[in-house]
Amino acid sequence: MMEFADLTAPEDGRLAANITHFARALRKAGFKLGPGRVLEAIRAVQATPFTGRADFFWVLHACLVTKREERVIFEQVFRLYWRDPRYLDHMMSLMLPQVKGSHDDRKAAPGEKRAAQSLLDLAPKPETPPGAEEYEIDASATASAAERLRRLDFEQMSVEEMAEARRMLSRLTIPVQPLISRRLGPGGGARIDRVATLRAALRQGDLMRLHHAKPRERWPNLVALCDISGSMSSYSRMVLHFLHAVMNAKGQGWARVHGFTFGTRLTNITRHLAARDVDVALAAAGAEAQDWQGGTRIGACLHQFNQDWGRRVLGQGAVVLLITDGLDRDPPEVLSREMARLHLSCRRLIWVNPLLRWDGFLPKAQGIRAMLPHCDAFRAGHSIASLQALALAVAQPHDQGERNRLLAHLRDGGNRAD
């Protein structure tokens with residue numbers, strides 16, 4: 001690790017250098033810090049008489065933290081960088097594999113791993129001993145490795161691959177086309193705006209000048225219903241990372257983005273996903289949803305959504321993403337009825353099912369047979385590539401994915417017991 005400053009001896013220049021390195025660590029952890037902010041922090045430290053460690057903390061906090069969600073990361077990087085031995089041991093343990101039952105099995109708080117990784121990335125690399133052989137690495141396979149990761153199943157990823165996949169998902173967006181409203185607004189359309197024309201004539205008292213109008217454009221809502229049962233937990237976590245990126249993307253076009261999880265009960269996690277920090281957002285969503293990796297009652301949860309939330313969030317031409325494998329214990333007639341109601345309440349219903357990762361997937365489960373006729377598109381959701389394809393498919397109103405092929409199988413006799 002890098003050297004830590006002695007707060008009692010700032011005159012040797014080490015304190016300014018360490019504050020600069022500390023700011024670099026914050027930037028690696030996601031802070032947006034420019035040179036001006038760093039210089040301001042150094043001047044503030046030099047001008048402040050310290051009576052203890054807390055004073056130093058709050059001076060840097062006042063200069064470098066501008067958003068509420070940055071406070072947790074700042075505190076963790078500060079404690080690790082400015083030498084808190086116990087916390088240093090804990091943070092380093094987060095970056096190393098551990099066996100169960102070790103002396104420190106406390107789970108990582110939101111952002112802890114990111115804070116530890118930001119400092120490890122800035123640590124000086126060991127120098128090559130004299131006489132040691134140097135090897136050139138051929139990086140021509142880098143592109144193929146990235147493509148492999150793009151198509152790798154989420155369940156087959158290692159810890160490092162999952163971290164890289166989350167970074168890739170954080171850059172994804174879902175493009176959306178505006179909807180044409182029946183309401184008219186001012187513009188250069190072919191229709192004459194009679195109200196605006198008469199108002200202008202009364203106001204000016206002059207010859208009537210025609211005003212024209214054109215249909216207004218509006219943006220739809222995006223609603224995601226994510227299955228967090230035991231068979232879906234690995235995929236659901238990655239989809240929620242994807243949904244968080246869409247919700248917090250500036251200028252993404254959606255009027256509002258709503259998120260719900262369901263297993264044995266329905267949970268609204270919209271306000272938790274609105275947090276800018278993805279670790280804080282998913283930790284809060286996980287605490288709110290108490291049925292992670294439990295059973296599945298899709299029919300009952302869809303009934304609760306249709307009854308309690310349908311009219312609130314599905315108006316104005318909403319697009320619904322239903323992320324589930326369709327393996328349900330509820331009676332198929334209940335599931336079919338609730339899917340039909342959900343389908344009629346939204347503009348488009350896109351079913352995202354990770355079981356499509358299997359070649360030749362067929363709708364053999366009763367739940368899948370009951371749900372399939374009531375969706376507009378049937379897409380895979382098991383890898384980064386499938387989620388990228390999903391993002392493009394949402395913007396295409398006529399995309400149906402695998403829906404037609406599977407419905408044809410049902411019509412040709414696939415609804416008989418296999």
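It should be noted that the structure appears before, not after, this text.
The following refers to the structure shown. (Residues numbered from 1 in each chain as written. Predicted model: local features only at pLDDT ≥ 70, side-chain atom pairs only at ≥ 80, totals over all residues. Heavy atoms only, no water.)

**With respect to the side chain of D325**
Quick reminder of the rule: Only DSSP runs of H or I reaching four residues or more are called helices, and only runs of E reaching two or more are called strands; each is numbered from the N terminus. For every residue, the accessible area (1.4 Å probe, protein chains only) is compared with the maximum for its type, and the residue is labelled buried under 20%, exposed over 50%, or partly exposed between those bounds. In this charge count, Lys and Arg are treated as positive and Asp and Glu as negative; neither His nor the chain ends contribute. In the sections that follow, a salt bridge refers to a side-chain nitrogen of Lys or Arg positioned within 4 Å of a carboxyl oxygen of Asp or Glu. Here a polar contact means two N or O atoms within 3.5 Å. Within protein one must be a hydrogen donor candidate and the other an acceptor candidate, and residues neighboring in sequence count only if both atoms are side-chain atoms.
Along the chain, D325 turns up in the loop between β6 (319-323) and α15 (332-345). Although D325 is buried, it makes no salt bridge; R357 carries the closest opposite charge, 7.6 Å away. Only 2.7 Å separates the side chain of D325 from the side chain of S231, close enough to count as a polar contact. Looking at D325, its side chain comes within polar contact range of the main-chain nitrogen of L327, at 3.2 Å.

**Side note on the packing of aromatic side chains**
Here is the rule: For Phe, Tyr and Trp, where Trp contributes only its six-membered ring, two rings pair if their centres lie within 6.5 Å, and the inter-plane angle classes them as stacked under 30 degrees, edge-to-face over 60, or tilted in between.
Going through the model one piece at a time under the given rule, you end up with twelve aromatic pairs. Between F260 and F305, the ring centres sit 5.1 Å apart and the planes meet at 80°, which makes this aromatic pair edge-to-face. Placement of F260 in strand β4 (residues 257-262) and of F305 in helix α13 (residues 298-308) is noted, with a sequence separation of 45 residues between them. Pair check on accessibility: F260 and F305 agree, each one buried.

**Considerations on the sheet that holds β4**
Rules: Note on pairing: DSSP must find at least two bridges between two strands before they are called paired. Throughout, an axis means a line fitted to C-alpha atoms (over the contacting stretch in the case of helices), and angles, computed between N-to-C directions, take values from 0 to 180 degrees. Every residue pair with non-hydrogen atoms within 4.5 Å of one another is taken to be in contact.
Taken in spatial order, the six strands make up an open sheet running β5-β4-β3-β6-β7-β8, and their pairing is mixed. Across the chains shown, the open sheet's two edge strands, defined by having one partner strand only, are β5 (266-268) and β8 (377-379). On average, adjacent strands in this sheet sit at an angle of 20° to one another, irrespective of strand direction. Two strands pair when backbone bridges link them, and β4 and β5 are joined in this way by three bridges, in the antiparallel orientation. Each residue of the ladder has a partner; that of F260, found in β5, is N268. Where helix α10 (residues 233-248) meets the sheet, its contacts fall on β3 (222-227), β4 and β6, and the angle it forms with β3 comes to roughly 165°.

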